[in-house]
Amino acid sequence: MKGEVHIRSVVAEIMNSETILARARQLDPLILAGIHDQYYPVVYRYVRYRLDDAQACEDIAAEVFLRLLDALHHHRGPNQNLQGWLLGTASHLVNDHFRSRYLRKMNSLEDQELISSASTEQSVDQAWQNREVREAIFRLTEDQQHVLALRFSEDRSLEETARLMGKTIGAVKTLQFRALASLRRILEGRKNDRRSL
Amino acid sequence: MTEDRFDLIFEECLRQIRRGIPLDQVLKAYPEYETRLRPLLETAALAIAINLQKTVPVKAQAKSKSNFLEALFNPSHRAPWYSPAVLQRSARSMAVVLIILTAGLVCTGIASAQALPGDSLYPLKITAERTRLLITNDPVQRLQLQNEFDQERTDEVEALFSRNRHTAVAFAGFLTRSSSGGWLVNHVPIILLEVTSRKVTFQEGDYVDVQGMALPDGTVMVEWIRFRMSQFNGRIESISGTEWLVSGIHIQVNADTQLNGDPKVGNLVGIIAAQRANQVLVAHSITVKTVWQDLWDRVPINRNATEASTSEPEIQRSASTESMPAEGDENPQPGSTEEHQVENTTSPSDTPEVETEPTRKPAGTEESEPARNTRTPQPDDEHERIPKPNPTTTPEPGQGQQSTSTPDREEEHSSKSPTPQYSPTPFPSPSQKPDSEH
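No experiment lies behind these values; they were computed from the predicted model shown. (Residues numbered from 1 in each chain as written. Chains lettered and ligands numbered in written order. Predicted model: local features only at pLDDT ≥ 70, side-chain atom pairs only at ≥ 80, totals over all residues.)

So, the overall build of chain A
Phase 1 of the analysis: When its secondary structure is counted, chain A shows ten helices and zero strands.
Phase 2 of the analysis: Sequence-ordered secondary structure for chain A, helices as α and strands as β, is α-α-α-α-α-α-α-α-α-α.
Phase 3 of the analysis: Relative to its full complement of 197 residues, chain A shows a buried share of 33%.
Phase 4 of the analysis: Contacts spanning at least 24 positions in sequence make up 64% of the contacts within chain A whose residues lie at least 6 apart. (Helix = DSSP H or I, 4+ residues; strand = E, 2+ residues; numbered from the N terminus. Buried ≥ 20, exposed ≤ 12 C-beta atoms within 10 Å, placed from the backbone. Contact = placed C-beta atoms within 7 Å.)

Observations regarding the overall build of chain B
Phase 1 of the analysis: In terms of regular secondary structure, chain B is built from 14 helices and eleven strands.
Phase 2 of the analysis: The buried share of chain B, reckoned over its 438 residues, is 23%.
Phase 3 of the analysis: When contacts within chain B are restricted to residue pairs at least 6 apart in sequence, long-range pairs at least 24 apart make up 57% of them.

Describing unusual backbone geometry
Phase 1 of the analysis: We note that leucine 27 of chain A has phi near 60°; this positive angle belongs to a residue other than glycine.
Phase 2 of the analysis: Along the chain, leucine 27 of chain A turns up in the loop between α2 (18-25) and α3 (29-50).
Phase 3 of the analysis: Phi is positive for asparagine 186 of chain B, which is not a glycine, with a value near 50°.
Phase 4 of the analysis: With respect to the element layout, asparagine 186 of chain B can be found in the loop between β2 (183-185) and β3 (188-191).
Phase 5 of the analysis: Residue classification places asparagine 186 of chain B among the buried residues on the basis of 21 C-beta atoms within 10 Å.

Digging into the interface of chain A and chain B
You'll often see interface size given as the accessible area lost when the parts meet.
Phase 1 of the analysis: Facing 31 residues of chain A, the contacting portion of chain B comprises 28 residues.
Phase 2 of the analysis: Elements with a contribution of two residues or more to the side of chain A that touches chain B: α3, α4 (54-73), α7 (124-138), α8 (142-153) and α10 (169-196) of chain A.
Phase 3 of the analysis: Of the residues in the side of chain A that touches chain B, the class split is 20 nonpolar, four polar and seven charged. (Nonpolar A, V, L, I, M, F, W, Y, C, P; charged D, E, K, R; others polar.)

As for the nonpolar core
Where a protein is soluble and globular, its nonpolar side chains tend to be buried together.
Phase 1 of the analysis: Val43, Val47, Ala61, Val64, Leu86 and Ala90 of chain A together with Ala47 of chain B are the most contacted members of the largest nonpolar core, which totals 60 residues.
Phase 2 of the analysis: At ten residues, α3 of chain A tops the list of elements feeding residues into this core.
Phase 3 of the analysis: Summarising the domain contributions, this core has at least three residues from each of domain 1 (2-49) and domain 2 (64-113) of chain B.
Phase 4 of the analysis: Dropping the residues within four chain positions of it, valine 64 of chain A is found in contact with Val43, Leu86, Thr89, Ala90 and Leu93 of chain A. (Core = buried A, V, L, I, M, F, W, Y, C linked by C-beta atoms within 7 Å. Domains from an automatic or database assignment.)

Brief notes about the environment of alanine 172 of chain B
Residues and elements named next belong to chain B.
Phase 1 of the analysis: Checked against the element boundaries, alanine 172 lands in strand β1 (residues 168-177).
Phase 2 of the analysis: The buried category is assigned to alanine 172, around which 22 C-beta atoms lie within 10 Å.
Phase 3 of the analysis: It is 9.7 Å that separates the C-alpha atoms of alanine 172 and glutamate 152, two residues lying 20 residues apart in sequence.
Phase 4 of the analysis: Ignoring anything within four residues of it in the chain, the contact list for alanine 172 reads Asp150, Arg153, Tyr207, Val208, Asp209, Val210 and Arg228.

Topic: the pairing of strand β6 (residues 229-240) of chain B
All names here are of chain B.
Phase 1 of the analysis: For β6 and strand β10 (residues 268-275), the ladder comprises seven bridges, and the chain directions are antiparallel. The partner of phenylalanine 232 across the bridge, within β10, is isoleucine 271.
Phase 2 of the analysis: Where β6 lies against strand β7 (residues 243-246), four bridges are found, and the strand directions are antiparallel. The residue of β7 that forms the bridge with serine 238 is leucine 245.
Phase 3 of the analysis: Connecting β6 to the antiparallel partner β7 that follows it, the hairpin turn spans two residues, and glycine 241 within it adopts a positive phi of roughly 65°. (Pairing = 2+ DSSP bridges.)

Brief notes about the pairing of strand β8 (residues 249-252) of chain B
Residues and elements named next belong to chain B.
Phase 1 of the analysis: Note: β7 against β8, four bridges, orientation antiparallel. Its bridge partner being in β8, valine 246 is matched across the sheet by isoleucine 249.
Phase 2 of the analysis: In this structure, the hairpin formed by β7 and β8 is closed by a connection of two residues, where serine 247 is found at a positive phi of approximately 50°.
Phase 3 of the analysis: In terms of strand pairing, β8 meets strand β11 (residues 281-288) through two bridges, oriented parallel. Its bridge partner being in β11, glutamine 252 is matched across the sheet by valine 282.

Comments concerning the sheet that holds strand β4 (residues 207-214) of chain B
All names here are of chain B.
Phase 1 of the analysis: If you trace the five strands once around the closed barrel, you get β1-β2-β3-β5-β4, paired in mixed fashion. Between one strand axis and the next, the sheet turns through 55° on average, direction left out of account.
Phase 2 of the analysis: In this sheet, β4 lies alongside β1 in antiparallel orientation, the contact comprising seven bridges. Of the residues in β4, the one forming a bridge with glycine 173 is valine 208.
Phase 3 of the analysis: Set on the sheet, helix α7 (residues 139-162) makes contact with β1, β3, β4 and β5 (220-227); between it and β1 the angle comes to about 105°. (Axes fitted to C-alpha atoms, helices over the stretch in contact; angles between N-to-C directions.)

Here we look at the packing of helix α6 (residues 122-135) of chain B against α7 of chain B
Packed helices, taken two at a time, are described by the angle their axes make and the gap between the axes.
All names here are of chain B.
Phase 1 of the analysis: Between α6 and α7, the shortest axis-to-axis distance is 9 Å and the interhelical angle comes to 165°. Classified by the interaxial angle, the pair formed by α6 and α7 is roughly antiparallel. The chirality of how α6 crosses α7 is left-handed. Contacts from Glu129, Arg132 and Leu133 of α6 reach α7 at Arg142, Leu145, Gln146 and Phe149.
Phase 2 of the analysis: Residues of the contact of α6 with α7, tallied by class, amount to three nonpolar, one polar and three charged. (Parallel < 35°, antiparallel > 145°, perpendicular 65-115°, else oblique. Left-handed = near helix turned anticlockwise from the far one by under 90°.)

Section: the confidence of the model for chain B
All names here are of chain B.
Phase 1 of the analysis: Looking at chain B as a whole, the pLDDT averages 68, with 61% of positions reaching at least 70.
Phase 2 of the analysis: This model gives residues 302-438 a pLDDT under 50, and the stretch forms 157 contacts once residues within four places in sequence are excluded.
Phase 3 of the analysis: Both confidence scores are given for the complex: pTM 0.43, ipTM 0.81. (pLDDT = per-residue confidence, 0-100.)

Some thoughts on the packing of α8 of chain A against helix α9 (residues 158-165) of chain A
All names here are of chain A.
Phase 1 of the analysis: Taken N-terminus to C-terminus, the directions of α8 and α9 make an angle of 135°; their axes are 10 Å apart at the nearest point. Relative to α9, α8 is oriented oblique. α9 is crossed by α8, and the crossing has right-handed handedness. Across the interface between the two elements, His146, Val147, Leu150 and Arg151 of α8 pack against Thr161, Leu164 and Met165 of α9.
Phase 2 of the analysis: When the residues that make up the contact of α8 with α9 are grouped by side-chain class, the tally is four nonpolar, two polar and one charged.

Quick word on α7 of chain A
Phase 1 of the analysis: Given a rise of 1.5 Å per residue, 15 residues ought to cover 21 Å, and the 21 Å separating the end C-alpha atoms of α7 of chain A matches this to within 8%.
Phase 2 of the analysis: Within the sequence span of α7 of chain A, burial applies to Ala127, Val133, Ala136 and Ile137 of chain A. (Expected span 1.5 Å × (residues − 1).)

What follows is the structure, given as structure tokens:
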């Protein structure tokens, strides 16, 4: 496990190196295909952590890489931190998705999905609880959501998270504690609401 | 230091929870931090628990990669916004947005239609009504609309009473007497303070605009009250005695009506008229207009200005009929009168600038239109004003002193006309001075 994490960080370092990014900016197909191979799973797991809708996760993960191409075509995009850029873009897209979902008020339909998907993998109770947690996370600030997803979608260390977010370790620690405290408040609030009903 | 230690312990606990070690067991090692750690770790455990699916669907990854590379080699491959697929996808969201927008507009419209004075949507309602009036070109329709809106104002006041809300209101209607002798405007009881009524002489059947405060007892305390004058331009369709038909509207013309120009059938005229109780418009003035003047009057931006200047005639008033008591009339306050407030004057042909007390002698034609507008003294003018006229004094350019003093008198006369020479006031009248000189 530890070795795997180590290799990944080394690869990330190589991928983030100036030369890789410079060649990506020249739209080198080999480099770009490598970037997709390397980061698709990371992005997918990040999105999957925040969304329970598998189809939406696939769409968003694919969209993240198309956005990268768009940015490179327009001479924008990441300067140093490629993985941070990809995950940041994924975070925005997830938020957009949540917002549009709330706009559509498709909740009743999702309950159906939830129950049908739950019967295979997990108990309905567990599915309910996970959904509560996801919706509570959605109520956090974007940074707080991002820090929880970075830390818990994969076993990332504080240092790695700080690097991906472009923040100091201290800032990430504070952000993470605040996120957990807010999340707890929201979950307790919802529990009390249910009890009072 | 302890904070750093706490952070390290927290990270260690997280690692153990990720490995699946139960929380209680994790916390056992750090009893001194348990109270702080437990809530954080419990929540963190929930946040970790939602991370169920760690496998990445290979098919999805392959599809994404092929799309990605296709978009790389063919940048335009990415469907433009007008492509059928994108349109189909966005059609639903566009429909939703349209529905929300329409619903919002309709709801705001409906909500504002029910708004009452003091509500936040009320100004919207008033603006909407004004806009409808502005864009209605046909005078008949405009009068009908105006009547509808006036009725709406009164309904609002009654709604406010029924909800026991007291707020500033403005409405309009015919002035009537209640059985107890109080005044009603469109059946709404109003209270006229002495201050309000001092310069006002209204009578039953007048169509008035009222602004005031709706009180809890179901009355409106009036801040100001004024005659409603309808103003419009139209073409004279027929003239039969006192009954004129102008652009489909019946107008009554009486001896008090000012006829400017020589209105004949077919002429374009501007009409200022008062509404009477029997739904008849009584003309105050009928002015022949050129096409250009008519167009100019129709420029919306100019309309208020036109109204302001033409609303002055509404302060003319005949005192021959029974009128509302005007308590303050024996103490006129020249210059302090509002434009629209009304003086009781004896002469129906007085011009609006001359707001004097009722005892004043009729001024005749001395302040006719040209006399007011041109400051050059005219012999006729002098005749009227100076009992012993000396026709040579005014127009002679050689008599410098006289000719310069005359415009001064003129100036004094027009600006201080409320202190007239014929009034029984102790002040010497301005016209007495030249008189004594002669």
